[in-house]
Amino acid sequence: MTSPSASSRKALSKIACNRLQKELVEWQVNPPAGFKHKVTDNLQRWVIEVNGAPGTLYAGETYQLQVDFPEHYPMEAPQVIFVPPAPLHPHIYSNGHICLDILYDSWSPAMTVSSICISILSMLSSSTVKQRPADNDRYVKNCKNGRSPKETRWWFHDDKV
């Protein structure tokens, strides 16, 4: 996996714990359509099942997102990756890393796990082709040894896919 083990990550701050507990309750009451939180006892790592939206290239397909929350969430963005096998998409690398601005440069503490999921589903749903990014092989090779996607200097230039 591309994220540190649970034992090597810093514990969540009280603010992060409170925020995540609130988001989890909201999710249980009003989950975003097409998503299912896989319940575990680990508040710092969520695994979320993603169902491709009907009428899209991904209809009928199911994937898993892994969301790892940093110590200072929501002031710092969570790390969000697809657990391989990742969907074929021009902004999703074969190692599960996602090139989506809200996960990095455009992160806001007002965002939630639900809003992230909706953005990812929208990105998938708007795609007109199933293919890897042009630089997939080079990028994945450079990410060996557990490099986090948050360590990448992403270039957000294509909002049409």
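Rules behind the numbers
Residues numbered from 1 in each chain as written. Predicted model: local features only at pLDDT ≥ 70, side-chain atom pairs only at ≥ 80, totals over all residues. Heavy atoms only, no water. UniProt positions renumbered as here; feature names shortened; annotations may be inferred. Helix = DSSP H or I, 4+ residues; strand = E, 2+ residues; numbered from the N terminus. Buried < 20%, exposed > 50% of the residue type's maximum accessible area, 1.4 Å probe, protein only. Contact = heavy atoms within 4.5 Å. Areas by Shrake-Rupley, 256 points an atom, 1.4 Å probe, with all protein chains shown as cover. Core = buried A, V, L, I, M, F, W, Y, C linked by side-chain atoms within 4.5 Å.

Identification of the protein as E2 ubiquitin-conjugating enzyme from Sesamum angustifolium is taken from an unreviewed UniProt entry. Quoted verbatim from the Sequence similarities (unreviewed entry) heading of the UniProt record, the comment on the protein is "Belongs to the ubiquitin-conjugating enzyme family."

So, about the overall build of the protein. A tally of helices and strands in the protein yields 3 helices and 4 strands. From first element to last, N terminus to C terminus, the protein shows the α and β order α-β-β-β-β-α-α. Within the protein, the fraction of its 161 residues that count as buried is 47%. At a minimum sequence separation of 6, the contacts of the protein that also span at least 24 residues come to 62%. Summed over its atoms, the accessible surface of the protein is roughly 8,700 Å², and 54% of this surface lies on carbon and sulfur atoms.

Okay, the nonpolar core next. Judged by nonpolar contacts, the single largest core of 36 residues is most densely connected at W46, I48, L65, F82, I98 and I120. Residue contributions to this core peak at 7 residues, all from helix α2 (residues 113-125). With residues up to four places along the chain from it excluded, the contact list for F82 reads V50, Y63, Q64, L65, P87, I92, N95, G96, I98, I120 and L124. Ranked by size, the runner-up nonpolar core spans 5 residues in total, among them Y93, C99, V140 and C143.

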